[in-house]
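Observations on chain architecture
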Amino acid sequence: GHGTVAGGGHFAKFIDQLKDVAPDFNIPGDFPSAILFGSLDIASDKPLSVLALRLTTNQRKEALLTSTPVADLTQPLGNLPLYFPQFVDGGGYITTINLLNSSTAVETGKLALFSDNGTPLVVNQFGGTRDSTFRYSIQPGGVFVFQTDGSPVDVNIGSVQLTPDAGTWSPIGAGVFSFLQGSVRVTESGVPAAIPTTHARIYIDHSGGHGTGLAIASPGSSEINITFKAYKTDGSTPAGTTAGPLKLTGNGHMAKFASELISGLPANFTGVLDISSSSPFVALTLRSLTNSRGNFLLTTFPIADATRAAPTPIVFPQIADGGGYVTEFILLSAAGPSSTTLNLYGEDGMP
């Protein structure tokens with residue numbers, strides 16, 4: 001299909017509504033029953049900022065929304081491994097990993113699952129086998145979906161490493177956590193693949209029923225030592241007391257709330273957690289909220305990598321305010337003072 005977007009403009013549509021924007025866009029009528037999933041290719045004569053939103057209607061007919069990463073086809077292809085610092089299965093949790101082939105050749109490789117102590121983590125693949133290593137093969141432009149069946153009574157936690165075969169490109173990777181309380185799916189959260197770093201910061205929010213956690217994993221077979229320090233929102237005033245360096249075994253993993261890493265944080269604390277190591281690690285921010293129903297809601301977002309320059313400008317392709325929606329912006333300066341101007345625009349591109 002073909003359409004236009006006004007300068008500075010915005011639209012948000014489900015896939016089956018894209019005909020409103022591109023009149024000649026069509027998808028098969030049996031897509032929901034026969035095809036189930038695929039990929040959407042977007043090309044433009046001018047730069048676009050794109051966000052993918054996944055909607056799940058749960059057993060109570062409630063709409064659960066999570067964002068999922070978008071594959072930027074203007075970036076060069078690579079052959080490096082991909083890392084997912086958090087993987088959960090059982091006890092109500094299901095993890096799905098989606099891999100997209102953005103190249104013109106078949107991509108093959110393996111997914112390897114590791115437990116907290118770095119040993120292989122064995123899971124049941126939904127509709128498949130029971131193992132700790134799973135092969136993938138993706139046709140050009142195609143998608144591979146790996147999903148656990150969530151059958152264990154107890155929660156299994158760890159990390160995932162994707163290794164492409166020699167001579168093939170790495171796919172684009174993203175995951176989704178799903179959590180069920182009883183028989184009701186109460187939360188879903190997209191999980192981007194992580195890039196190894198040696199220094200990062202995350203936002204801590206323990207106010208209003210929120211909790212902030214960190215999932216961190218060793219991307220190799222060597223043991224690593226990681227140091228944590230907490231600061232107030234000014235980024236320089238120390239807060240709480242660190243327990244000292246934490247050791248991760250080779251291929252090891254840890255998921256903890258900030259209050260487990262830093263003792264003595266004040267009630268309703270907000271600030272930053274600084275994470276550093278002489279060896280590379282991969283990490284992910286976990287933000288929780290126990291709502292008025294008693295449901296445990298979880299969302300994820302990336303760390304602020306202090307070893308990489310921040311992009312400029314930053315565009316948020318979707319905000320929502322009113323009708324029950326609230327949007328919160330979290331801005332972290334990973335390296336020194338910064339000054340920021342935030343401009344908000346409507347669908348017509350006007351302020």
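Given the structure is predicted, the values throughout are model-derived calculations rather than measurements.

What counts and what doesn't
Residues numbered from 1 in each chain as written. Predicted model: local features only at pLDDT ≥ 70, side-chain atom pairs only at ≥ 80, totals over all residues. Heavy atoms only, no water. Pairing = 2+ DSSP bridges. Helix = DSSP H or I, 4+ residues; strand = E, 2+ residues; numbered from the N terminus. Axes fitted to C-alpha atoms, helices over the stretch in contact; angles between N-to-C directions. Core = buried A, V, L, I, M, F, W, Y, C linked by side-chain atoms within 4.5 Å. Buried < 20%, exposed > 50% of the residue type's maximum accessible area, 1.4 Å probe, protein only. Contact = heavy atoms within 4.5 Å. Polar contact = N/O pair within 3.5 Å; in protein donor to acceptor, adjacent residues only side chain to side chain.

1. Thoughts on the sheet that holds strand β3 (residues 82–89)
Strand order in the open sheet formed by four strands is β3-β10-β5-β8, and the pairing between neighbours is antiparallel. The sheet terminates laterally at β3 and β8 (133–138), the two strands that pair on one side only. For this sheet the average axis-to-axis angle between neighbouring strands, irrespective of direction, equals 25 degrees.

2. Focus on the nonpolar core
L214, I216, F228, L273 and I275 are the most contacted members of the largest nonpolar core, which totals 23 residues. Once you skip the residues sitting within four places of it in the chain, I275 turns out to touch T198, H199, A200, I202, L214, I216, I226, T227, F228 and F281. Core analysis: the second largest hydrophobic core is formed by 16 residues, L99, L111, Y136 and F146 among them.

3. Structural notes on the sheet that holds strand β9 (residues 143–147)
Strand order in the open sheet formed by four strands is β9-β4-β11-β12, with antiparallel pairing between adjacent strands. Either end of the sheet is taken by a strand with one partner, and the two such strands are β9 and β12 (184–192). With direction set aside, neighbouring strand axes in the sheet form an average angle of 20 degrees. Here five bridges tie strand β4 (residues 93–100) to β9, and the two strands are oriented antiparallel to one another. Considered in β9, the bridge of N98 is made with V145.

4. Structural notes on the side chain of R201
Within the element layout of this structure, R201 appears in strand β13 (residues 197–205). In this structure R201 comes out as buried when scored by relative accessible area, which is 15%. Within the structure, R201 has its side chain in polar contact with the side chain of D274 (distance 2.8 Å). Residues within four places of R201 in sequence aside, it is in contact with Y231, G235, V272, L273, D274, I303, A304 and L332.

Nothing here speaks to function; it is geometry throughout.
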